[in-house]
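Listed below are the residues making up each chain.
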Amino acid sequence: MNTRRHFLRTTGLTALAGAAGIETLFAATKAKSGKTSGKGLVLRFVPYELQLRHAFNLATSSRKTTPDVLTSIEFEGLTGYGEASMPPYLGESVESATKFLSSLNLSQFKDPFQMDDILKYVDAVMPGNCAAKAAVDIALHDLVGKIMGQPWYKIWGFDPADTPNTSFTIGIDTPEVVRQKTEEATPYKILKVKLGQKTDREMVETIRSVTNVPLCVDVNQGWTDKNKALEMIHWLKEKGIVFVEQPMPKTAIDDIAWLTENSPLPIIGDESVQRLPDVIKAKGVYHGINIKLMKCTGMREAHQMLTLARSLDMKVMVGCMTETSCAVSAAAQLSSKCDWADLDGNLLISNDPYSGVQVVDGKISLIDKPGIGLSAHDSKWKI
Ligand SMILES: [Mg+2]
């Protein structure tokens, strides 16, 4: 049975999910979350299945939807919004996220500015559940930013003019589809290519038959021989590739360190680098790290990872899953201080309920609005 439909049926939300606004959905979950007493923080959450514009093909899987849970935290008339996006290969689900969120008691916190205590509590409730934790973290940041009346890039002291271009991902597919996707991606100044199969050179050649824009490649752990990987990286350098992400399995630490030492292109760790302690482990193994909110439990730890990586003289990219504009806008708050951004997750779905950060001429354009800068995509999605 479709897990989302099953969940909605069991919570009586089936009729609401299709047509009603986010506020109505969150209101319907009020009784479910049961954390509305007192004057503390009120957490609400609702499942929301992301519809992908194209089937998403990785080296090891393919899918057309992504399970997601939208969250909100309300405090004294203001509401912050968050999100947990859960690609199945990461091990979280609508069931695990709703179980985790149901277990939280945020009403015990009467001051949303005590973010350190609140988020330490959330992280300690149970291990794992990084996307569900991020959904709380993002909503709390959005709320606190709204109380302060400032966007987070300003609170952190980042210049919105410094945002990088975002890459746009071309997934593994037939040459015809790759050519079509590349032609559709002309507004973007940098493309990201998923590799890790026997068709790697064909993929790159196909894209190069359409465009000469810089490319970055994400192998998603798909190469297993370090000598062949290095040979491939030299070939990729001649094809105008900018960096290589997660070339080999995350457990092949010695091989990746050797590759990094000998590679003519920067090697970036993604699957290897989940949370803050992984940044130190990545020093000497990779040239840089890919920070994603869904891996690292949200904006607070992402900011810490960025600061730590910079102090270790490492490159930083900020990435995302397939997500709504909520989590993408949250991640974009960091982007001014990142070398590269891969924040196209909201552009890959067809049912984004929000709008926030924009891409203008390929470059991330932050919104000067409090919190994470989110607004309604449609009048029915009131925020
Ligand atoms: Mg990656």
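All of these numbers come straight from a predicted model, not from anything done at the bench. Sequence order sets the numbering: in each chain, residues are counted from 1 along the sequence as written. Per-residue local features of the predicted model are confined to residues with pLDDT of at least 70, and side-chain atom pairs are confined, for both listing and counting, to 80 or more; whole-chain, interface and lining totals are unaffected and use all residues.

## Remarks on helix α6 (residues 115–125)
Link 1 in the chain: Neighbour counting defines burial: a residue surrounded by 20 or more other C-beta atoms within 10 Å of its own C-beta is buried, one with 12 or fewer is exposed, and intermediate counts give partly exposed, using backbone-placed C-beta atoms. Labels follow the DSSP assignment, with helices taken as runs of H or I lasting at least four residues and strands as runs of E lasting at least two, numbered in each case from the N terminus. Among the residues of α6, Ile-118, Leu-119 and Val-122 are the ones counted as buried. Buried residues in α6, looked at end-on, bunch into an arc of 90°, giving them a common side. In α6, the exposed positions angled more than 90 degrees off the buried face are occupied by Asp-116, Asp-117, Lys-120 and Ala-124.
Link 2 in the chain: Along its buried surface, α6 packs onto α7 (130–148) and α15 (299–311). Working note: the arc is built from the helix axis to C-beta atom directions. By definition, residues are in contact whenever their C-beta atoms, placed on the basis of the backbone, come within 7 Å of each other.

## Considerations on the packing of helix α11 (residues 226–238) against helix α12 (residues 253–262)
Link 1 in the chain: Convention adopted: a line fitted to C-alpha atoms gives each axis, helices being fitted over their contacting stretch, and angles between N-to-C directions are expressed from 0 to 180 degrees. At a closest axis distance of 10 Å, the pairing of α11 and α12 adopts a crossing angle of 30°. Viewed along their axes, α11 and α12 adopt a mutual orientation that is roughly parallel. As α11 packs across α12, the resulting crossing turns out to be right-handed. Where α11 abuts α12, its residues Lys-226, Ala-229 and Leu-230 lie against Asp-255, Trp-258, Leu-259 and Asn-262.
Link 2 in the chain: Side-chain classes follow a simple rule in which Ala, Val, Leu, Ile, Met, Phe, Trp, Tyr, Cys and Pro form the nonpolar group, Asp, Glu, Lys and Arg form the charged group, and the remainder, Gly included, forms the polar group. Its residues placed into classes, the contact of α11 with α12 shows 4 nonpolar, 1 polar and 2 charged. Note that the term roughly parallel is reserved for angles under 35 degrees, roughly antiparallel for angles over 145, roughly perpendicular for angles of 65 to 115, and oblique for everything else. Each helix crossing is assigned a hand: it is left-handed if the near helix lies turned anticlockwise from the far helix by less than a right angle, otherwise right-handed if that turn is clockwise.

## Overview of the nonpolar core
Link 1 in the chain: The term nonpolar core means buried Ala, Val, Leu, Ile, Met, Phe, Trp, Tyr and Cys residues held together as one set by C-beta atoms within 7 Å. Core analysis: the biggest nonpolar cluster contains 105 residues, and Ile-138, Ile-289, Leu-293 and Ala-331 have the highest contact counts within it.
Link 2 in the chain: No other element matches the 11 residues that α7 contributes to this core.
Link 3 in the chain: Summarising the domain contributions, this core has at least three residues from each of domain 1 (3–149) and domain 2 (154–376). In this entry, domain limits derive from an automatic or database-based domain assignment.

## A short note on the sheet that holds strand β4 (residues 68–75)
Two orientations exist for strands paired in a sheet by backbone hydrogen bonds: parallel and antiparallel.
Link 1 in the chain: At least two bridges found by DSSP between two strands are what make those strands a pair. Here 3 strands make up an open sheet; going across it, the order is β1-β4-β5 and the pairing antiparallel. Strands at the two margins of the open sheet, each flanked by one partner only, are β1 (42–47) and β5 (78–85). Between one strand axis and the next, the sheet turns through 20° on average, direction left out of account.
Link 2 in the chain: One ladder, built from 8 bridges, connects β4 with β5; its direction is antiparallel. When the sheet's bridge partners are listed, Glu-74 is paired in β5 with Thr-79.
Link 3 in the chain: Packed on one face of the sheet, α7 meets β1, β4 and β5 and runs near 155° to β5.

## Some words on the confidence of the model for the chain
Link 1 in the chain: The pLDDT score gives, residue by residue, the confidence of the prediction method on a 0 to 100 scale. The predicted model of the chain averages 89 in pLDDT, with 87% of residues at 70 or higher.
Link 2 in the chain: Every residue in residues 1–20 is under pLDDT 50, and counting partners more than four places away or in other chains gives 26 contacts.
Link 3 in the chain: Confidence drops under pLDDT 50 across residues 30–37; counting only partners more than four residues distant or on other chains, this segment forms 14 contacts.

## Focus: the environment of Gly-128
Link 1 in the chain: Here Gly-128 is to be found in the loop between α6 and α7.
Link 2 in the chain: Overall, Gly-128 belongs to the exposed group, with 12 C-beta atoms counted inside 10 Å.
Link 3 in the chain: Between the alpha carbons of Gly-128 and Lys-295 there is a distance of 9.5 Å; along the sequence they are 167 residues apart.

## Points about unusual backbone geometry
Link 1 in the chain: The phi dihedral of Glu-76 is positive, around 45°, even though this residue is not glycine.
Link 2 in the chain: In this fold, Glu-76 is placed in the loop between β4 and β5.
Link 3 in the chain: A tally of 10 C-beta atoms within 10 Å means that Glu-76 is categorised as exposed.
Link 4 in the chain: Unlike most non-glycine residues, Asn-129 shows phi in positive territory, near 55°.
Link 5 in the chain: Along the chain, the position of Asn-129 falls in the loop between α6 and α7.

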